[in-house]
Amino acid sequence: MQEFLTFYLDVPVPIYIHFYFFNVTNCEEIWDLTNKPVLEELGPYTFRESREKVNITWNDDNSTVSYRQIRRWFFQPDRTNGSLDDVVTTLNVPMVAAAMAGKQMNEDMVFFTLEEIFAQLNSSWFVEKKVRELLFEGYDDKLMQIAKRFMHLPYDKFGWFYKRNDTDDGEITAYTGASDIQMVDEIDNWNGLKSVAAFEPPCNMINGSAGDMWPPSKQHRDQVTLFVSDICRSLSFTYLADVEVSGIKAYRYWSDDKQLDNGEKDPNNRCFCPEGICLPAGGLNVSSCKFDAPAVVSYPHFLFADSVYSQGVIGMKPNPQEHRMYLDIVPEMGVPVGVAARMQINIVFDPIPNITQFENITNRIYFPVLWFSETAEAGEDIVSQLKLVLNTIPLITNVLSFFLVSLGGFFVLSAFVLAILYALGKLPSKLVLKNRKYFIQGRSEVKLEMRNKYLE
C-alpha cells in the first residue's frame, strides 16, 4: 500500500506538453472569399507538466482510492521554437461562439442584437494575440464582458487554458488492485458519477484507466482503455507492435482510424453523435462537454479524418509518425514508459444569413486553431529501476538458481563416485568412514556408536 501511495503522490515520469498554433496568413482573402484560409504552423511552445495527487482517501470497503490531481505547467524556453510573445493571427473564438449560439436559438431578436453588438465593437473574424495570452494568461474581450452582464460565464477572459494552471479536473475514484490486480487503476467514478451527460448510452460510460497504469499481463491485450476528462469520454488503444524503449521491451498501443469514427467503420461509435447527428468521420463534437462551444476535436492535421475537414483550409499535412496517439506499456508491470497524446482543437465556422458579419460565408469550415502533443518517456533513473526489476533481478535469480542446482548436483555426484570407488575397493575403509562422519550426523544412536568404534 505504501508503494502504491508513493507512486500516486508523485508521477515519476517527466511529462511535456507541446503547443502548436495555426497562424492565419491571408485574412483579407478569406473575408473577400477569394481564397481558402492559408494556415502556417507555429511552435512548438513547450511546457513541463507536473502532477500531484491530493486529498487522497483509501476506501478499504471496495479497494478503491479517491483523489484530485493538481496539474501545473512550467514554460521550457530551451524546448521551444519561438517565444511566448510571438503574435498569432487566429480565429476570434468569442465572436464565432456567440454567433453559433445565436444560430442555435434561431430567433430574430437574437440575430439583431448580435449583429448590433458586433458592429459596435467592430468585431472581426480574426484577432492578433500573443501566445501567452492564447494559452494560460488569457486576454480581455469586450464581447465576453457584455455577455457576463446577462449570463453566468465561468471566465472573465478568453484563453484556451486560462485558469487551468494549478487546478484539477475533478475527483477520481479508481481501483487499487488490492482485491483484483486486473482492476488496478480502473476508474470507478468521476466526481461521483459513473456516466457523463455529453453522450448517449453506452458511449456515456466512464470506464478505463485513470492513466497511471494498467493490469500486468504477459501477453498483449487487444485493447487498453483510457478515460479522458477533457473530452468527457474514454479512448481505446489497439495493440500495434512490440517495441523497445531505452532497452526495455514494451507493447505499443495506438489510437487508430476507428477511434474518432462516426459509426461508418465502427457502429459502436454512433452513440457519440449528439442527438443522432454525426459529423464526418475523424471529428468528435465536444460542444456539450465544453459549455456548448462550437468545438470539434480531431487528430492533428486531420489525420485519419474525412477529406471534408482538410478541404476547407490550406496547410494541413497529416503524418502518422508525428500526429498519432500511442502508449508504450511494460507488460510485466502494466506501467507506461512512453506516451504521446495528441489532439487538435477546431472551431465550427458556419454561414449565418441572419447576421451580416457571417452572411457571406458559403460553406461550413472546420477551422483548425491549435494542436498539442503531450509526451512522457521514462528518464534514465526510471529506466534503471525498471531494468533492475525486469532484467537484472531475474538474471541474478537465474544465476543463483543455476549455481545452487549445480552445487547440489556436485555433492550428489561426489557421493556417488565415492560410493562406487569404495565398492571397487579403491578407497581405504578408514577414509570412507572418516567421510561418513560428515554424512551420518543426525542418524540413530546405534549408528553413531558404530562410527565412533571404528574411528578409534
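Quick caveat, the model's predicted, so the values are computed rather than measured.

**Student:** Describe in detail the nonpolar core, supporting the description with residues and values.
**Tutor:** Formed by 97 residues in total, the largest nonpolar core has its most connected members in Phe 19, Phe 21, Phe 118, Trp 160 and Phe 358. Here this core gets seven residues from one element, more than from any other, and that element is strand 15 (residues 365-377). Ignoring anything within four residues of it in the chain, the contact list for Trp 160 reads Phe 21, Val 93, Leu 134, Leu 135, Ile 345, Ile 347, Val 369 and Leu 370. Judged by nonpolar contacts, the second largest core, of five residues, contains Ile 248, Ala 250, Val 330 and Val 337.

**Student:** Break down the packing of helix 3 (residues 93-105) against helix 4 (residues 108-120) for me, with residues and values.
**Tutor:** Two elements in contact, helix 3 and helix 4, have axes whose closest approach is 9 Å; the angle formed by their N-to-C orientations is 165°. Compared by their axis directions, helix 3 and helix 4 come out roughly antiparallel. Of the two elements, helix 3 crosses helix 4, and the hand of that crossing is left-handed. Contact with helix 3, carried on its side by Met 95, Ala 98, Ala 99, Gly 102, Lys 103 and Met 105, involves Val 110, Phe 111, Leu 114 and Phe 118 of helix 4 and no other residues of that element. For the contact of helix 3 with helix 4, the residue count by class is eight nonpolar, one polar and one charged.

**Student:** Describe the environment of Pro 320, listing the residues and the values that go with them.
**Tutor:** The residue Pro 320 is located in helix 8 (residues 320-323) in this model. Counting along the chain gives 17 residues from Pro 320 to Leu 303, while the straight-line C-alpha distance between them is 7.1 Å.

**Student:** Please give an account of the state of the cysteines that cites residues and values.
**Tutor:** As used in these notes, a disulfide is a covalent bond between sulfur atoms, one from each of two cysteines. Enumeration according to the criterion identifies three disulfides in this entry. Covalently, Cys 232 is tied to Cys 289 through a disulfide, its sulfur atoms 2.0 Å apart. Between Cys 232 and Cys 289, the S-S torsion sits near 70°, and that sign places the bridge as right-handed. Taken as a pair, Cys 232 in the loop between strand 8 (223-228) and strand 9 (233-245) and Cys 289 in the loop between strand 11 (284-285) and strand 12 (295-298) lie far apart in primary sequence, 57 residues in all. Comparing Cys 232 with Cys 289 shows no difference in burial state: the two are buried. The residue that forms a disulfide with Cys 273 is Cys 278, at a sulfur-sulfur distance of 1.9 Å. Residues Cys 273 and Cys 278 are joined by a disulfide whose S-S torsion is about 100°; by sign, that bridge is right-handed. Cysteines bonded in the protein are numbered consecutively along the chain; their disulfide partners then correspond to 1-3, 2-6, 4-5.

**Student:** Which residues make up helix 4, and what are the values?
**Tutor:** Between its first and last C-alpha, helix 4 extends 18 Å over 13 residues, near the 18 Å set by a 1.5 Å rise per residue. Along helix 4, the residues that are buried comprise Val 110, Phe 111, Leu 114, Ile 117 and Phe 118. Down the axis of helix 4, the buried side of the element spans an arc of 135°, and every buried residue falls inside it. Relative to its buried face, helix 4 has exposed residues pointing more than 90 degrees away, namely Asp 108, Met 109, Phe 112 and Gln 120. Of the residues one or two after helix 4, Asn 122 is the one with positive phi, at around 55°.

**Student:** Explain the pairing of strand 13 (residues 326-330) to me, using residue names and the numbers behind them.
**Tutor:** Most of strand 13 is tucked away: five of the five residues are buried. Side chains of strand 13 alternate between two faces, with Tyr 326, Asp 328 and Val 330 and Leu 327 and Ile 329 buried alike. Examined bridge by bridge, strand 10 (residues 248-254) and strand 13 share four bridges and lie antiparallel to one another. For Tyr 253, the partnering residue across the bridge sits in strand 13 and is Leu 327. Across five bridges, strand 13 lies against strand 14 (residues 335-349) in antiparallel orientation. Residue Tyr 326 lies in a different strand from strand 14, and its bridge partner there is Ala 340.

**Student:** Please provide a residue-by-residue account of the confidence of the model for the protein, values included.
**Tutor:** Taken over all residues, the pLDDT of the protein has a mean of 83, while the share at 70 or more is 79%. Confidence drops under a pLDDT of 50 for residues 1-5, and excluding neighbours within four residues, the segment shows eight contacts in the predicted structure. Counting interchain partners and residues more than four positions distant, the pLDDT-below-50 stretch residues 431-447 has ten contacts.

**Student:** Any details on helix 3? Residues and values, ideally.
**Tutor:** Taking 1.5 Å of rise per residue, 13 residues should cover 18 Å, and helix 3 covers 18 Å from first to last C-alpha, within 8% of that figure. For helix 3, the complete set of buried residues consists of Val 93, Pro 94, Met 95, Val 96, Ala 98, Ala 99, Met 100 and Gly 102. Just downstream of helix 3, Asn 106 is the residue with a positive phi angle, here 55°.

**Student:** I'd love a proper account of unusual backbone geometry, names of residues and values included.
**Tutor:** Gly 43 connects to Pro 44 through a cis peptide bond whose omega is 10°. Note on placement: Pro 44 falls in strand 2 (residues 39-59). Unusually for a residue other than glycine, Asn 106 sits at a positive phi of about 55°. Tracing the backbone shows Asn 106 in the loop between helix 3 and helix 4.

**Student:** Tell me about the packing of aromatic side chains, and name the residues and values.
**Tutor:** Applying the stated criterion across every chain, the model contains 27 aromatic pairs. Look at Phe 136 and Phe 161: their rings are 5.8 Å apart centre to centre, the planes differ by 40°, and that puts the pair in the tilted class. Of this pair, Phe 136 sits in helix 5 (residues 131-137) while Phe 161 is found in the loop between helix 6 (142-150) and strand 6 (171-175), placing the two residues 25 residues apart along the sequence. Among the residues examined, Phe 136 registers a relative accessible area of 15% and is labelled buried. Phe 161 sits in the buried class, given a relative accessible area of 9%. Taken together, the ring pairs in this structure connect Trp 31, Phe 118, Trp 125, Phe 126, Phe 349, Phe 358 and Phe 367 into an aromatic cluster. Against the face of Tyr 16 rests Arg 48, its NZ or CZ located 5.5 Å from the ring centre.

The rules we used
- Residues numbered from 1 in each chain as written.
- Predicted model: local features only at pLDDT ≥ 70, side-chain atom pairs only at ≥ 80, totals over all residues.
- Heavy atoms only, no water.
- Core = buried A, V, L, I, M, F, W, Y, C linked by side-chain atoms within 4.5 Å.
- Buried < 20%, exposed > 50% of the residue type's maximum accessible area, 1.4 Å probe, protein only.
- Helix = DSSP H or I, 4+ residues; strand = E, 2+ residues; numbered from the N terminus.
- Contact = heavy atoms within 4.5 Å.
- Axes fitted to C-alpha atoms, helices over the stretch in contact; angles between N-to-C directions.
- Parallel < 35°, antiparallel > 145°, perpendicular 65-115°, else oblique.
- Left-handed = near helix turned anticlockwise from the far one by under 90°.
- Nonpolar A, V, L, I, M, F, W, Y, C, P; charged D, E, K, R; others polar.
- Disulfide = S-S within 2.5 Å.
- Expected span 1.5 Å × (residues − 1).
- Arc of directions from axis to C-beta.
- Pairing = 2+ DSSP bridges.
- pLDDT = per-residue confidence, 0-100.
- Phe/Tyr/Trp six-rings, centres within 6.5 Å; stacked < 30°, edge-to-face > 60°.
- Lys NZ or Arg CZ within 6 Å of the ring centre and 35° of its normal.

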